[in-house]
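Architecture and fold: a report
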Amino acid sequence: MNLSNLKPATGSTKTRKRIGRGTGSGRGGTSTRGHKGAGSRSGTSSKVGFEGGQMPLQRRVPKVGFKNPNRKEYVGINLDVLQELVEKFNLSAVDFDALKTHGLVSRNDLVKILGRGELKAKLEVKAHAFTATAQKAIESAGGSTVKL
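Here is what the cut-offs are and how they apply
- Residues numbered from 1 in each chain as written.
- Predicted model: local features only at pLDDT ≥ 70, side-chain atom pairs only at ≥ 80, totals over all residues.
- Heavy atoms only, no water.
- Helix = DSSP H or I, 4+ residues; strand = E, 2+ residues; numbered from the N terminus.
- Rg over C-alpha atoms; globule rule 2.2 N^0.38 Å.
- Phe/Tyr/Trp six-rings, centres within 6.5 Å; stacked < 30°, edge-to-face > 60°.
- Lys NZ or Arg CZ within 6 Å of the ring centre and 35° of its normal.
- Pairing = 2+ DSSP bridges.
- Core = buried A, V, L, I, M, F, W, Y, C linked by side-chain atoms within 4.5 Å.
- Buried < 20%, exposed > 50% of the residue type's maximum accessible area, 1.4 Å probe, protein only.
- Contact = heavy atoms within 4.5 Å.

**A closer look at the overall build of the protein chain**
Of the regular secondary structure elements, the protein chain holds 4 helices and 6 strands. Reading the secondary structure of the protein chain in the N-to-C direction produces α-β-α-β-α-β-β-β-α-β. In terms of overall size, the protein chain is more extended than a compact globule, its C-alpha atoms giving a radius of gyration of 32 Å where 148 residues would be expected to give roughly 15 Å. Based on the C-alpha atoms only, the size of the protein chain along its principal axes is roughly 90 × 60 × 20 Å.

Shown next as structure tokens:
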């Protein structure tokens, strides 16, 4: 075997449809463009989503609701996850950098501490937002909360 006799597996390639190669090709004459009209001429193109004059799907479907462009998306981290971090890595403070190094958040995320589970460790937690139950649980365990 060498480079001169390499070829694709049988059935993996198809011969392409050659258009505009005369009457003997089986696609001669109008070259699959039909008779007259803009589509038969050269240089035609249609808009994205154009459906031949039929009302396009984007305009047919009813629009409902409102998307707030200024919405803030938070990454939720529960107390039980914080407790696991403390037990695993022996932390005394949890801030954005600690969460990032352990792969819980990425660079541009906003962090919100949620109240699921229980926290036994005394922690200083720095985050962008806290739920009331999470803040209460952290402070009752002897820790403190700092909003970023």
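**Details of the packing of aromatic side chains**
Throughout the structure, instances matching the rule amount to 0 aromatic pairs. The ring of Tyr74 carries the charged tip of Lys112 above its face, separated from the ring centre by 5.8 Å.

**Describing unusual backbone geometry**
Non-glycine residue Thr32 carries a positive phi angle of around 65 degrees. Positionally, Thr32 belongs in the segment before helix 1 (57-60). The backbone of Asn90 shows a phi angle near 55 degrees, a positive value even though the residue is not glycine. Checked against the element boundaries, Asn90 lands in the loop between helix 2 (79-89) and strand 2 (93-94).

**Let's talk about the sheet that holds strand 4 (residues 124-127)**
The parallel open sheet is built from 3 strands, whose spatial order is 2-4-6. Each having just a single partner strand, strand 2 and strand 6 (144-147) make up the two edges of the open sheet. Bridge analysis of strand 2 against strand 4 gives 2 bridges, and the strand direction is parallel. Paired with Ala93 across the two strands is Glu124, which belongs to strand 4.

**Some details on the nonpolar core**
Note on soluble globular proteins: their nonpolar side chains tend to be buried together. Judged by nonpolar contacts, the single largest core of 19 residues is most densely connected at Leu82, Leu99, Val111, Ile113 and Leu123. Counting only elements with at least two residues in this core, the list comes to helix 2, helix 3 (96-101), strand 3 (110-114), strand 4 and helix 4 (132-140). Considering each element in turn, this core owes the most residues, 4 residues, to helix 2. If sequence neighbours within four positions are ignored, Leu82 has contacts with Ile77, Val94, Leu99, Ile113, Leu119, Leu123 and Val125.

**Let's talk about the pairing of strand 3**
On strand 3, burial follows the alternation: Val111 and Ile113 on one face are buried, whereas Leu110, Lys112 and Leu114 on the facing-out side are not. Taken together, the 5 bridges between strand 1 (residues 74-78) and strand 3 define a ladder with parallel strand orientation. Directly across from Gly76, in strand 3, lies its bridge partner Lys112. Alignment of strand 3 against strand 5 (residues 129-130), held across 2 bridges, turns out to be parallel. When the bridges of strand 5 are listed, Lys112 appears paired with Ala129.

**Some thoughts on the pairing of strand 4**
Going residue by residue along strand 4, you find Val125 and Ala127 tucked away on one face and Glu124 and Lys126 left uncovered on the opposite face. As judged from the 4 bridges shared by strand 4 and strand 6, these two strands associate in the parallel manner. Counterpart to Ala127 in the pairing with strand 6 is Lys147.

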